[in-house]
Amino acid sequence: MASPMRSLLADPDRYLQSFRLFLERSTEHQSMQEFVERQLPAVIASVGNGKSTINVLSVGGGSGEMDLQILSKIRAKYPGVTINNDVIEPSADQISKYKERVAQASNLENTKFTWHNETAYEYESRMNAEKKTKKWDFIHMIQMLYYVKDIPATIQYFHSLLESQGKLLIILVSGKSGWETLWKKYGSFFPLDLCSFVSSADLPRMLDSAGLKYQLYELPSHMDITSCFIEGDKDGELLLDFLTETLDFAKTAPPELKHQVMEELRKPGCSEIKDGKVIFRNNLGAIVIEP
């Protein structure tokens, strides 16, 4: 009998709901912000040398929260230059939130935005069809590699668009995170038709075989998943959906699988128990690739 389990991405509204709850309950954005504050200035130290215009490409820019923080660091490093910020984002809803964010921001003088409502693959196909190869000083791909079909080819394509001083930044879950433990063990049971699991542990092999130079950073992060263990808790069910990329996991997963996943989530490989709470290891990995 076919499993009733379906991909969370089959219901975009519930996906967004669970994603927002995940951001609320985790230190995901704080941990990225810390990286942007502390490490990014050194990463972008030479991308705009001698330039009057800096071209930035955001691949999977979402609603723009991290993008605007990255842009503020570039502006601080290169005051007065014009920044062209192009955004590739397949969700029209996320793009409209991004535009609202830009409209409300006060410090975006000399920054021009162009939004492309398409996937990374659609962008690449369109550029190839139009025989265009625009070069970029800084490209970033934050938490989006799970949604591309051919990860090495995608990295190589965007890497090929870098200017001689440019940098490509990739952020995704760390190989030292609870995600890695959970997905390596149970990912094959989840209905992964629209996304694939990849962590920072998988990237060195791909980058080494492509002969690319890179630096790896570990970004500590955590998430309170205590509510996942409260039967019938709506937020807990949403977080479980997000952790397993499964629509209504609590209700549609076979009982044995559900039992095993819940057990796994409590174990030291995924979480630590702190003051009676279950704190999931949500560590991220940042990879900076040289031209």
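Everything numeric in this text was worked out from a predicted model, so none of it was measured. (Residues numbered from 1 in each chain as written. Predicted model: local features only at pLDDT ≥ 70, side-chain atom pairs only at ≥ 80, totals over all residues. Heavy atoms only, no water.)

Engineer: For this particular structure, what's the right way to read the sheet that holds strand β4 (residues 111–116)?
Structural biologist: Across a sheet, strands are paired by hydrogen bonds formed along the backbone, either parallel or antiparallel in direction. The strand order across the open sheet formed by seven strands is β4-β3-β2-β5-β6-β12-β7, and the pairing between neighbours is mixed. With partners counted over all chains shown, the strands left at the sheet margins are β4 and β7 (214–219), one partner each. The mean inter-strand angle of the sheet, taken between neighbouring strand axes irrespective of direction, is 15°. Bridge count for β7 against strand β12 (residues 284–289) is six bridges, and the pairing is antiparallel. (Pairing = 2+ DSSP bridges. Helix = DSSP H or I, 4+ residues; strand = E, 2+ residues; numbered from the N terminus. Axes fitted to C-alpha atoms, helices over the stretch in contact; angles between N-to-C directions.)

Engineer: How should the UniProt feature "binding site: substrate" (unreviewed entry) in the chain be read in this particular structure?
Structural biologist: Mapped onto the present numbering, the UniProt feature "binding site: substrate" (unreviewed entry) falls at E28 and N282. These annotated residues cover 255 residues of sequence, and their C-alpha atoms all fall within 7.3 Å of one another, placing them together at a single site. Inspection of the secondary structure puts E28 in helix α2 (residues 28–38). Apart from the residues within four sequence positions on either side, E28 is in contact with F22, L23, Q143, S221, N282 and L284. (UniProt positions renumbered as here; feature names shortened; annotations may be inferred. Contact = heavy atoms within 4.5 Å.)

Engineer: Would you explain unusual backbone geometry in this entry?
Structural biologist: With glycine set apart, most residues show a phi of negative sign, and most peptide bonds adopt trans. At D248, a position not held by glycine, the phi torsion is positive, near 55°. You can call D248 partly exposed: its relative accessible area is 27%. The phi torsion at D275 lies on the positive side, around 50°, for a residue other than glycine. Locating D275 in the fold gives a position in the loop between β10 (271–274) and β11 (277–281). (Buried < 20%, exposed > 50% of the residue type's maximum accessible area, 1.4 Å probe, protein only.)

Engineer: What am I meant to see in the packing of aromatic side chains here?
Structural biologist: Each pair of aromatic rings is reported with the distance of its centres and the angle of its planes. With the rule as written, the count across this model stands at 19 aromatic pairs. Note on F19 and F242: the rings are 6.0 Å apart at their centroids and 35° apart in plane angle, and the pair reads as tilted. With F19 in helix α1 (residues 12–25) and F242 in helix α10 (residues 234–244), the pair connects residues that are 223 residues apart, well separated along the chain. By relative accessible area, F19 is classed as partly exposed at 23%. Ring centres 5.5 Å apart and planes at 90° place the aromatic pair W179 and F280 in the edge-to-face group. Of this pair, W179 sits in helix α8 (residues 178–186) while F280 sits in strand β11, and the two are 101 residues apart along the sequence. (Phe/Tyr/Trp six-rings, centres within 6.5 Å; stacked < 30°, edge-to-face > 60°.)

Engineer: What is the right way to look at the pairing of strand β2 (residues 53–59) in this model?
Structural biologist: Look at any regular strand and the pattern is simple: side chains alternate between the two faces of the sheet. The buried fraction of β2 is high, at six of seven residues. When β2 meets strand β3 (residues 82–88), the two strands line up parallel, connected through seven bridges. Counted as the bridge partner of L57 is D86 from β3. Crossover β2 to β3 through helix α4 (residues 65–77) is right-handed. Where β2 meets strand β5 (residues 136–142), four bridges bridge the pair, whose relative direction is parallel. Bridge pairing links V59 to M141 in β5. (Right-handed = clockwise from strand over helix to strand, strands pointing away.)

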